[in-house]
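# Reading the structure
The residues making up each chain are set out below.
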Amino acid sequence: HHYYIFFLFFLSMVCGWIIYGSFIYWSNHCATTFKEDGLWTYLNQIVACSPWVLYILMLATFHFSWSTFLLLNQLFQIAFLGLTSHERISLLKQSKHMKQTLSLRKTPYNLGFMQNLADFFQCGCFGLVKPCVVDWTSQYTMVFHPAREKVLRSV
C-alpha cells in the first residue's frame, strides 16, 4: 500500500513540474504576457504560439488533480482513521446492519495520528514513536474451497 502512496506522490510531483514548465516555456517563447495583454489575449496568443504545450498542460492538470485528490484521501484515511479504503468501505457496509452507530475514528485500528503514520511508513519518526509491525501471514491462513470463495481462519 505504501508503494501506491509513493506512486501518487511522485505522479503529482511530476505533473506539477510539467505545469510549471509549461508556464516557463510560454514566458520564454511567446510574445505575450498576462499582466500587459489581459486574460483573453494571453490565452489566444498561447494557443497560437504552442498548441502542443497547451495540450500537454491540460493532460498534466487533469492527472495532477485526480492523483493529488487520491493521495490526500489516502493520507487522511491512514493518518486520521488508521484504515485502508477497503477496510473503510467494509466497515461502512457492516454499519448499515448494526443497531448502534459506528464511528470510523473510534476503531481498534486507529492508534492516533503519529502512531498510524509510523506504523504505515514503518518509521520511528526520530525516536518519537515505535512502529508496531504485524506479520499478518502468521496471524491467518488462507483456505481455498473449490465451491466457495476464500475463507480466513485464525491460527
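Quantities reported herein were computed from a predicted structural model and do not represent experimental measurements. Here, residues in each chain are numbered from 1, in the same order as that chain's written sequence. This being a predicted model, a pLDDT of at least 70 is required before a residue's local features are given, and a value of 80 or more before pairs of side-chain atoms are given or counted; all residues contribute to the totals for chains, interfaces and linings. With hydrogens and water stripped out, all remaining heavy atoms of the structure feed into the side-chain values.

## Details of the overall build of the protein
Here is the rule: Secondary structure is summarised from DSSP: a helix means a run of H or I of at least four residues, a strand means a run of E of at least two, and numbering begins at the N terminus for each. Burial here depends on accessible area, computed with a 1.4 Å probe over protein chains only, as a share of the maximum for the residue type. Under 20% is buried, over 50% is exposed, and the range in between is partly exposed.
A count of helices and strands for the protein gives 7 helices and 2 strands. In the protein, which comprises 155 residues, the share counted as buried stands at 24%.

## Topic: the UniProt feature "transmembrane region" (unreviewed entry) in the protein
Short version of the rule: UniProt positions are given in the numbering used here, feature names are shortened, and annotations may be inferred rather than shown by experiment.
Taking the numbering used here, the UniProt-annotated feature "transmembrane region" (unreviewed entry) corresponds to residues 6-27, 39-58 and 64-83. End C-alpha atoms of residues 6-27 are separated by 32 Å, and the span's content is 100% helix alongside 0% strand. A distance of 24 Å separates the end C-alpha atoms of residues 64-83, which is 90% helix and 0% strand.

## Concerning the nonpolar core
What counts is decided by this rule: To qualify as a nonpolar core, a set must consist of buried Ala, Val, Leu, Ile, Met, Phe, Trp, Tyr and Cys residues joined through side-chain atoms within 4.5 Å. By the convention used here, residues are in contact when the closest approach between their heavy atoms is within 4.5 Å.
Formed by Ile 19, Trp 26, Cys 30, Tyr 42, Ile 46, Val 53, Leu 57 and Ala 60, the largest nonpolar core amounts to 8 residues. Elements supplying a minimum of two residues to this core: helix H1 (2-29), helix H3 (39-49) and helix H4 (51-81). Residue contributions to this core peak at 3 residues, all from H4. Leave out the neighbours within four places in its chain, and Leu 57 touches Ile 19, Ser 22, Phe 23 and Trp 26. Counting 7 residues, the second-largest nonpolar core is a separate cluster that includes Leu 71, Ile 78, Ala 79 and Phe 120.

## With respect to the state of the cysteines
Under the convention used in this document: Two cysteine sulfurs form a disulfide in these notes if their separation is within 2.5 Å.
Applying the stated criterion across every chain yields a total of 1 disulfide. Between Cys 30 and Cys 49 runs a disulfide, and the two sulfur atoms are separated by 2.2 Å. The S-S bond linking Cys 30 to Cys 49 shows a torsion near -95°; that makes this disulfide left-handed. Taken together, the residues Cys 30 in the loop between H1 and helix H2 (34-37) and Cys 49 in helix H3 connect sequence positions 19 residues apart. Cys 30 sits in the buried class, given a relative accessible area of 10%. We classify Cys 49 as partly exposed; its relative accessible area is 33%.

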